[in-house]
Amino acid sequence: MGLQQDTVTWFVGVLFLSTLFLCSAEVHHYEFFVRESNFTKLCNTTTLLVVNDSYPGPEIRVRRGDTVFVNVHNQGNYGFTIHWHGVKQPRNPWFDGPEFITQCPIQPGTNFTYEVILSDEIGTLWWHAHSDWTRGSVQGAFIILPAENETYPFPTPDADQTIILQSWYNGDYKQIIDQALATGIPPRQPDAYAINGNLGDTYGCTNDTIFRMQVDYEKMYLLRIINAAMNEQQFFAITNHTLTVVAQDASYVQRFTSDYILISPGQTMDVLVSANQNVGQYYMATRPFSDASAMPPDNITTGIFQYTNSDGGLNASFITLPARDDTNATNSFISRIRNTNVTQNPPLNVPTGIDRRVFITIATNTVPCNTSQCLLPNRFVASLNNVSFVFPRIDILQAYYNSSNGGVFTEDFPLNPPVFYDFTGNLTGFNTRAELGTRAVVLNYGEAVEIVLQATQLGGGGSHPIHLHGFSFYRVGSGSGNFNNETDPSTYNLVDPPLINTIHVPGKGWAALRFFANNPGVWFMHCHFERHSSWGMDTVFIVRNGTTTETSIRPPPSTMPRCPGT
């Protein structure tokens, strides 16, 4: 009975929001031409696959509840797909985008039109390629403004500015990961970080550009910050200015102030900043955070927060950011993020009676490397519950929908680790081998689900940003050490947990999330460190249809890209 009541509460909330949005919902059309273009940075010219010849790509800007059609033309040399990160796509998994999960790649010389259905998302999301490492250059912002006659739950800003944090490589992103997978060794580190495609003034090349945001004295600005970096969590700050966090992952949060933010790959954050300092120029800056044994380059990338009519140099040239390995700064910031009880957010509906519990350990591992290109006897892989995901050649959604599995996947992903051990202890000499497979978790429609994600010290250890497609979920708990299923649930926040789509799992610790399985379809869950996802730190959640048409997957469009060889 409790499950039915909770599902009804969710449905009523969505119905209310849908009714509100339908009053003014609009349809938008975009054309994406994806092709190779040359870019010169670090005094080096690199050819990248990009959208409409721009890096980052064009911004989509619509209102809550709108529908967006994006016609993607592949004018490049290999297939790819595009994902609308954080858009739930209710009953519409066909257009979610992950390659060989919900579709096969858009082949060169062809096009495919995505239908992106917005529901209760509000604020900042983004779009990116979802095949190989092409998201490193095929990416852009997806801005969702309030619906007509809807207001912000904070003072209306005078203007807004998108800030995309990126990894820059001198080289083609797909070639970098293809070579790493072929040889069995980790992909190389980035050559720099970027802000909106600009590398700033810290890398020594005089031709590099720096991003400048012009502001007027005593005006308020909404920064829409996206971490599009490939494998790096990032600190971000503006010298001498206080940041007020107001939203994360397209959901409003209780406002709080901070001198910096911590944002993981895949996450978005909306931040207010007041131009209330002496007129001048101030650095904005970003640097990586890591608590793993393999650290990213400790590069600080700069932009400039520039007041109108300011002359001369920088007013405050001393950049204050937490250290690259400052876990206290990271945990302190994340712990302050709370859901806010405002009418612009969906009604709070945290599952209490749980129908399905999944406990997942996260690890990097090795398996034998048997190809002629291997540089070592073993190659790196990554795993969830000791299963390293193998991408099929026919997309899982198609196989599931047509009931023609044919060995494409199995429905037996382990709901608990196959072996329990001291996950966060000293694992020197511990067997790190993983098994390979394409294994999914199957959920019944409407089930209340809890997933506990446990970081381990296998491989490099460290924290992980885990993203679930098709849902926003509540981060109800987090802690250090090994999760204790008897005592740790008593520490859960069931009152005002943030509603997010990408969760930070702390190194040597755990994080717990809850949601209702009310979106039928095939939905990918993976680490948003691209090297880990490429190595197999992924799985799939299949949500069965409900008992009505309105709770079932929509039929597939006739224009779905064909899988290679079919």
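Residues numbered from 1 in each chain as written. Predicted model: local features only at pLDDT ≥ 70, side-chain atom pairs only at ≥ 80, totals over all residues. Heavy atoms only, no water.

Comments concerning the state of the cysteines
Spelled out, the test is: Only a pair of cysteine sulfur atoms within 2.5 Å counts as a disulfide in this structure description. The helix and strand labels rest on DSSP assignments: H or I over at least four residues marks a helix, E over at least two residues marks a strand, and numbering proceeds from the N terminus.
Inspection of the entire model under this criterion finds 3 disulfides. A sulfur-sulfur separation of 2.0 Å characterises the disulfide bridge that pairs cysteine 104 with cysteine 563. Between cysteine 104 and cysteine 563 the disulfide shows an S-S torsion of about 75 degrees. By sign, it is right-handed. Here the residue cysteine 104 occupies a position in the loop between strand S5 (82-85) and strand S6 (111-117), and cysteine 563 occupies one in the segment after strand S32 (538-543), the gap between them amounting to 459 residues.

A short note on the side chain of glutamate 150
Worth spelling out the cut-off: Each residue is assigned to one of three classes by its accessible area relative to the maximum for its type, calculated with a 1.4 Å probe on protein chains only: buried under 20%, partly exposed between the two thresholds, exposed over 50%. We define a polar contact as two N or O atoms separated by no more than 3.5 Å, with the added condition that, inside protein, one atom must be a possible hydrogen donor and the other a possible acceptor, whereas residues neighbouring each other in sequence contribute only through side-chain atom pairs.
Relative to the helices and strands, glutamate 150 resides in the loop between strand S8 (139-145) and strand S9 (159-168). Among the residues examined, glutamate 150 registers a relative accessible area of 16% and is labelled buried. In terms of polar contacts, glutamate 150 uses its side chain to reach the side chain of arginine 64, at 2.5 Å. Engagement of the side chain of glutamate 150 in a polar contact is seen with the backbone nitrogen of alanine 147, the distance being 2.7 Å.

A word on the pairing of S9
To keep it simple, the criterion reads: A pair of strands is considered paired only if DSSP assigns at least 2 bridges between the two.
For S9, the buried fraction is high: 7 of the 10 residues fall into the buried class. Across 7 bridges, the pairing between S9 and strand S12 (residues 220-227) is parallel. Each residue of the ladder has a partner; that of isoleucine 163, found in S12, is isoleucine 225. Where S9 and strand S10 (residues 192-195) come together, 4 bridges link them in antiparallel fashion. Residue pairing for S10: leucine 165 is matched across the bridge by isoleucine 195.

Brief notes about helix H2 (residues 173-183)
Applicable threshold: Residues count as neighbours in contact if any of their non-hydrogen atoms are within 4.5 Å of one another.
Buried within H2 are the following residues: Tyr173, Lys174, Ile176, Ile177, Ala180 and Thr183. At its buried positions, H2 is contacted by strand S2 (44-51), S9 and helix H5 (530-535). With a side-chain oxygen positioned 3.1 Å from the backbone nitrogen of lysine 174, the residue opening H2 is aspartate 172. Within two residues after H2, glycine 184 carries a phi angle of roughly 85 degrees, on the positive side.

Observations concerning the UniProt feature "domain: Plastocyanin-like" (unreviewed entry) in the protein
The criterion, for reference: UniProt positions are given in the numbering used here, feature names are shortened, and annotations may be inferred rather than shown by experiment.
When the UniProt feature table is mapped onto this chain numbering, "domain: Plastocyanin-like" (unreviewed entry) sits at residues 34-147, 161-309 and 413-545. Helix and strand shares over residues 34-147 are 0% and 46% respectively, and the end C-alpha atoms of the span are 30 Å apart. Helix and strand shares over residues 161-309 are 7% and 48% respectively, and the end C-alpha atoms of the span are 19 Å apart.

Some points on the nonpolar core
Soluble globular proteins: nonpolar side chains tend toward being buried together. Convention followed: Only buried residues count toward a nonpolar core, which is a set of Ala, Val, Leu, Ile, Met, Phe, Trp, Tyr and Cys residues joined through side-chain atoms within 4.5 Å.
Formed by 44 residues in total, the largest nonpolar core has its most connected members in Phe32, Ile60, Trp84 and Phe142. The residues contacting phenylalanine 142, other than those within four sequence positions of it, are Ile60, Val62, Val68, Trp84, Val116, Leu118, Gly123, Thr124, Leu125, Trp126 and Trp127. Core analysis: the second largest hydrophobic core is formed by 37 residues, Val271, Val273, Ala275 and Ile334 among them.

Considerations on the sheet that holds strand S7 (residues 123-129)
The test is simple: Lines are fitted to the C-alpha atoms to define the axes, a helix being fitted only along its stretch in contact, and any angle between axes, read from their N-to-C directions, falls within 0 to 180 degrees.
Across the sheet, which stays open at both edges, the 4 strands sit in the order S3-S8-S7-S5 with mixed pairing between neighbours. Taken across any chain shown, the strands that pair with only one partner, and hence form the sheet edges, are strand S3 (60-63) and S5. The mean inter-strand angle of the sheet, taken between neighbouring strand axes irrespective of direction, is 20 degrees. Here 4 bridges tie S3 to S8, and the two strands are oriented parallel to one another. The partner of isoleucine 60 across the bridge, within S8, is phenylalanine 142.

Notes on the sheet that holds S10
What the 6 strands build is an open sheet, ordered S10-S9-S12-S17-S14-S15; its pairing is mixed. Of all strands in the sheet, those with a lone pairing partner are S10 and strand S15 (251-258), marking the two edges. On average, adjacent strands in this sheet sit at an angle of 25 degrees to one another, irrespective of strand direction. Summarising the sheet, strand S14 (residues 243-248) and S15 pair through 5 bridges and their orientation is antiparallel. For alanine 247, the partnering residue across the bridge sits in S15 and is tyrosine 252.

Description of the side chain of threonine 361
Residue position: threonine 361 is located in strand S20 (residues 356-368). Apart from the residues lying within four places of it in its own chain, the contact partners of threonine 361 are Ser383, Leu384, Asn385, Pro417, Phe423, Gln454 and Thr456.

Observations concerning helix H3 (residues 327-335)
To keep it simple, the criterion reads: Each C-beta atom gives one direction from the helix axis, and the arc is the one those directions make.
Along H3, the residues classified as buried are Ala329, Thr330, Phe333 and Ile334. Around the axis of H3, the buried residues are gathered within 120 degrees of arc, so they sit on the same side. Where H3 begins, one side-chain oxygen reaches toward the backbone nitrogen of asparagine 328, 3.2 Å away; that side chain belongs to aspartate 326.

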